[in-house]
Amino acid sequence: VAMGGLADLGAVDSLPLVHKGLAAYANAYQSEIEGKNLDQLISWNVDTQLKNLFSYPFVQNGLKNGSLKVFGAVYDFVNGEITYNSELTESGEVK
């Protein structure tokens, strides 16, 4: 719902709190999300959340000492498939 709502805010008009949150998110990231289709928005969101995880010191430490690996994945519940599309590196980059 969230990325679909981000692609089309009108689709969540009946959910005022969701609409308000997504509108703020859309305004903050407008240049990064503009023109993306739903699949692209989902992948972008996964990568953005991986970058957010790097802000936690225990994640940074785990990545640096090799005790932690962090991957971004998307679950397609229609087909039952998981696609691993990115990994968080020890320097905080998503590749």
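Right above here is the structure, for reference.
Residues numbered from 1 in each chain as written. Predicted model: local features only at pLDDT ≥ 70, side-chain atom pairs only at ≥ 80, totals over all residues. Heavy atoms only, no water.

A look at the environment of L88
- If you trace the backbone, L88 turns up in strand β2 (residues 81-88).
- Given a relative accessible area of 2%, L88 falls into the buried group.
- For the pair L88 and L53, spaced 35 residues apart in sequence, the C-alpha separation works out to 8.9 Å.
- Filtering out sequence-adjacent residues up to four positions away, L88 remains in contact with L50, F54, V59, L63, V70, E93 and V94. (Helix = DSSP H or I, 4+ residues; strand = E, 2+ residues; numbered from the N terminus. Buried < 20%, exposed > 50% of the residue type's maximum accessible area, 1.4 Å probe, protein only. Contact = heavy atoms within 4.5 Å.)

So, helix α4 (residues 38-53)
- Relative to the 22 Å expected for 16 residues at 1.5 Å per residue, α4 spans 23 Å between its end C-alpha atoms, a close match to the ideal helical length.
- When α4 is considered as a whole, its buried residues turn out to be L41, W44, N45, V46, T48 and L50.
- If you check the start of α4, you find a side-chain oxygen 3.0 Å away from the backbone N of D39, and it comes from N37. (Expected span 1.5 Å × (residues − 1). Polar contact = N/O pair within 3.5 Å; in protein donor to acceptor, adjacent residues only side chain to side chain.)

Brief notes about a nonpolar patch on the surface
- Where nonpolar side chains cluster on the molecular surface, the patch consists of F71, Y75, F77, V78, I82 and Y84 and spans about 770 Å² of accessible area.
- Contributions of two or more residues to the nonpolar patch are made by β1 (70-76) and β2. (Patch = residues over 30% accessible without salt bridge, like charges linked within 9 Å, V, L, I, M, F, W, Y side chains within 5 Å. Areas by Shrake-Rupley, 256 points an atom, 1.4 Å probe, with all protein chains shown as cover. Salt bridge = Lys/Arg side-chain N within 4 Å of Asp/Glu carboxyl O.)

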